[in-house]
Amino acid sequence: MAALELLSAEGFRPDGRRPAELRKLRARMGVFAQPDGSAYIEQGNTKALAVVYGPHEMRGPRSKALPDRALVNCQYSMATFSTGERKRRPHGDRKSSEMSLHLKQTFEAAILTELFPRSQIDIYVQILQADGGNYCACVNAATLAVIDAGIPLRDYVCASSAGLVEDAALADLSYLEEAAGGPQAALALLPTSGQMALLQLDSRLHEDRLGAVLEAAGGACRAVHAVLDRVVREHVRELTALLGD
Amino acid sequence: MPLDHRRLQGPDESQPPALWAGEGSGPRDPCALRPLFARAGLLSQAEGSAYVELSGGTKVLCAAWGPREAAEPGGGTAGGGGGGGGGRLVCEFRRAPFSSRGARPRPGGAAEREAEREAAAALREALEPAVRLARYPRARLAVSALLLQDGGSALAAAVSAASLALADAGVEMYDLAVGCALCRDPGHPSGAWLLQPGEAEERRAAARLTLALLPALNQVSAVLGGGRGGDPESWGEALRLGLDGCHRLYPVLRQSLLRAVKRRDAAHTPPGS
Amino acid sequence: MAAVCLSEAEKLYIVHGVQEDLRVDGRGCEDYRCAEVETDVVSNTSGSARVKLGHTDILVGVKAEMGTPKLEKPDEGYLEFFVDCSANATPEFEGRGGEELGTEIANTLYRVFSSEGSVDLKSLCINPREHCWVLYVDVLLLECGGNLFDAISIAVKAALFNTRIPKVRVLEDEEGSKEIELSDDPYDCIRLNVDDVPCIVTLSKIGYRHVVDATLQEEACSLASLLIAVTSKGALTCMKKIGKGSLDPESIFEMMETGKRVGKALHIALQKILDEEESLGTTRQKVGFLG
């Protein structure tokens, strides 16, 4: 069987995108009323929800409170119907625990936690439909939710994935491209300062190619940033319009 | 003629003896209650205990423990009934591995555990309104029911037994919760309800209902039923029939509680005084 | 389930309002809140629906997978329910915190759907004793603003209505071995008949009266509720008391009557919306969570 062609001779990907092109990104803030902040994001067919509770007093054992900064608590879960084959449990398996940890590390780097000593910030993300780039969609959704909750951030955290196929770096991989098993990287970037909050690289990649992949991912992150910024500004404009008659 | 010992010397045609036993002797009276035997205070290790048996094979043994300090003070979960500063009632319902007909289910199997947990939740909801939980702040009361034999109407029998056991343990209660089960016979065109169905009746029933009543207050503490759809009138009729059954069972339970107290008094007072 | 803290005065205000048939949000005792229903929101399911009832937000996905029929019913498929109380609804549900409520709701759904004829299970059979469709009905609780059971049952019904199961054919060759062939045409599929799928109506006793579709605040004022499953024809298939209080027998009779009346109206309204959405077909603008 011929392997699936991930990049045609004309330079198109299976879903018709150019290598550096992102999937359609749509987002909305303030989806729910009860949490302090919430957001929903669609990146192509990947759909994610994020809610933020806090900063609030420590829940559970107080000994876990940090004297100098806030504790960031994340939970990543996937709806049982989100994947092609039904998942048995939404969270608690190894992959989701790892993902929760990654999210925690990402947002500890971005939130100004030292402003809220001895308190806790809960970030819960839920994948409703999975089609590649789950981590990235979660980070982007969580960023919007954190902003919606009014928690001070150093900068937006924008995430995107990138892979390498036949010497060409592809941005924002879909499930099909992820499943092909080539080298791929997930990058969470603070775009204004250009600092990386998290970089994860899977499978073997030659050192010389790393630059190209990172550049593709970074470019995608900056593109995501532009969209997220527009969403936030629009949301704030709507809110102020509601407030001031 | 030599006898062939290997061959069974019987008539050519045979009938199972069950045919001659009077089982299923015509339609039974739908309002008939199965005779109930109840005895309180029979276990010495538990603070309160009760045993309830319905004629026809349902046997439930129940033990109760009075107020203990809750392990996690005030840490009652949303469903734990810990609100209002009152105590917590913890219920457990177990089916003995030999309790039901047919193949012995694997004890601790997922399906078995699930069914037990659901029954325990139903038991708690039936008992909570009867117990004065507000009198036991930050405490927990425990009830454990063991179904020895399932001959139908098991949950209803467990409710009666559990409330007897709680009363026997000296827990303050508003009233005894009396349980009663009903089922609708599928054969009946009008959908008549039968009180306290046996296991066979329960298995082929079109709909089932379990009720619990606090007779002195005339308050229904549990309604749990389901099955093929029926009019509200039909369910209402079932409810009325079941409540009537509960009222009729009440004196039996009271009697057994009184007898247990008398027995205990007699044991405490030295003979001859 | 944001924690509700109500003072005695606030509770009294709600109870007195209910007595006068005027609730805090201006509804009468038998009125539902405004509900939003949208089907086909998750594309990699066989059927899905999202229901928003006040602040209660439910997403249901139905996935059809092939399995073996149960031993006691060799010629029927079956339904599996799973309820995920996600931490989105409240931080208390984080980790395993939501499991207790989840299994309670799932058990209630099993009980509601236990009546034969709510869904035609025979149509889910592919070949007896060997293959059948198993419908995994997964409920995701996103936000909880009171009256969970009703919202979930509406969402389950809408998702089952939306469910499309691919048609399969069983081919048998000379040696008797069977092969299952999936239809090539994605539009060639089985639809479920949901006419007899019941909806749950929860009636909460507040003071001397009962209300439908209680908000979280009203639920805090109510000690006991009666949950009734009603089909579109007005038949009751399931009854359950929930809460730690008890109910007067007379009020149960009244609640059953109200439940039947309200349930029938609910079915008519839901069916109308579903049919309307269906008639729009592919021209419908999908709103999802972006609206």
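Numbers given to residues run from 1 along each chain, matching the order in which its sequence is written. A letter from A marks each chain and a number from 1 marks each ligand, given out in the order of writing. Restriction of local features to residues with pLDDT of at least 70 applies here, the model being predicted, together with a cutoff of 80 or more for giving and counting side-chain atom pairs; totals for whole chains, interfaces and linings are based on all residues. Hydrogens and water are ignored here; the side-chain numbers use all heavy atoms of the structure.

Chain B has the name Exosome component 6 in an unreviewed UniProt entry, where Cairina moschata is given as its organism. UniProt positions are given in the numbering used here, feature names are shortened, and annotations may be inferred rather than shown by experiment. In its Sequence similarities (unreviewed entry) section, UniProt records this for chain B: "Belongs to the RNase PH family."

You'll find chain A entered in an unreviewed UniProt entry as Exosome complex component RRP41, with Cairina moschata given as the organism. Under Sequence similarities (unreviewed entry), UniProt gives the following word-for-word description of chain A: "Belongs to the RNase PH family."

### Overview of the pairing of strand E1 (residues 25-29) of chain A
All names here are of chain A. Only protein chains enter the area calculation, which uses a 1.4 Å probe; residues under 20% of their type maximum are buried, those over 50% are exposed, and those in between are partly exposed. Elements are defined by DSSP. Helices are runs of H or I of four residues or more, strands are runs of E of two residues or more, and each kind is numbered from the N terminus. What you see with E1 is a clean split: Leu-25, Ala-27 and Met-29 sit on the buried side and Arg-26 and Arg-28 on the side with no burial. Sheet topology places E1 next to strand E2 (residues 37-43); 5 bridges connect them, and they run antiparallel. Within E2, the residue paired with Met-29 across the bridge is Ala-39. Here, any two strands with at least 2 DSSP bridges between them count as paired.

### Thoughts on the interface of chain C and chain B
Listed as interface residues are 29 residues of chain C and, on the opposing side, 33 residues of chain B. Carbon and sulfur atoms supply 52% of the area buried between chain C and chain B, which totals about 2700 Å² over both sides. We define a salt bridge as a contact between a side-chain nitrogen of Lys or Arg and a carboxyl oxygen of Asp or Glu at a distance within 4 Å. At the boundary of chain C and chain B, one finds 1 salt bridge. The salt bridge partner of C:Arg111 is B:Glu118, with a shortest N-O separation of 3.3 Å. Pairs of N or O atoms are called polar contacts if they sit within 3.5 Å, as long as, within protein, a hydrogen donor faces a hydrogen acceptor (for residues adjacent in sequence, only side-chain-to-side-chain pairs). Our enumeration of links across chain C and chain B arrives at 11 residue pairs in polar contact (both at pLDDT 80 or more). Sorting the residues of the side of chain C that touches chain B by element identifies helix H2 (99-112), strand E14 (236-243) and helix H5 (249-280) of chain C as the ones contributing at least two each. Two residues qualify as a contact provided that any one of their heavy atoms is within 4.5 Å of a heavy atom in the partner residue. Accessible surface is computed with a 1.4 Å probe, and the buried area is the amount of it that two parts give up when combined, taken over both parts together.

### Details of the packing of aromatic side chains
Planes of paired rings set the category: under 30 degrees apart is stacked, over 60 is edge-to-face and the rest tilted, where pairs are Phe, Tyr or Trp rings (Trp by its six-membered ring) whose centres lie within 6.5 Å. One pass over the full model with this rule turns up 6 aromatic pairs over all chains. Arranged with centres 6.3 Å apart and planes meeting at 65°, the rings of B:Phe37 and B:Tyr51 form a pair that is edge-to-face. With B:Phe37 in strand E1 (residues 36-40) and B:Tyr51 in strand E2 (residues 48-54), this residue pair connects regions lying 14 residues apart in the sequence. Ring pairs connect the aromatic residues C:Phe81, C:Tyr110 and C:Phe113, which therefore count as one cluster.

### Notes on the pairing of strand E4 (residues 71-78) of chain A
Residues and elements named next belong to chain A. The element E4 is extensively covered by neighbouring structure, given that 8 of its 8 residues are classed as buried. Side-chain alternation along E4 places Leu-71, Asn-73, Gln-75 and Ser-77 on one buried face and Val-72, Cys-74, Tyr-76 and Met-78 on a second face that is also buried. Two elements, E4 and strand E5 (residues 119-129), share 8 bridges in a ladder whose sense is parallel. From the neighbouring strand, Asn-73 faces E5, where its bridge partner is Asp-122. In this view, the connection linking E4 to its parallel neighbour E5 by way of helix H1 (residues 94-110) has left-handed handedness. Assignment of crossover handedness uses the view with strands pointing away from the viewer, where a clockwise path from the first strand over the helix to the second indicates a right-handed crossover.

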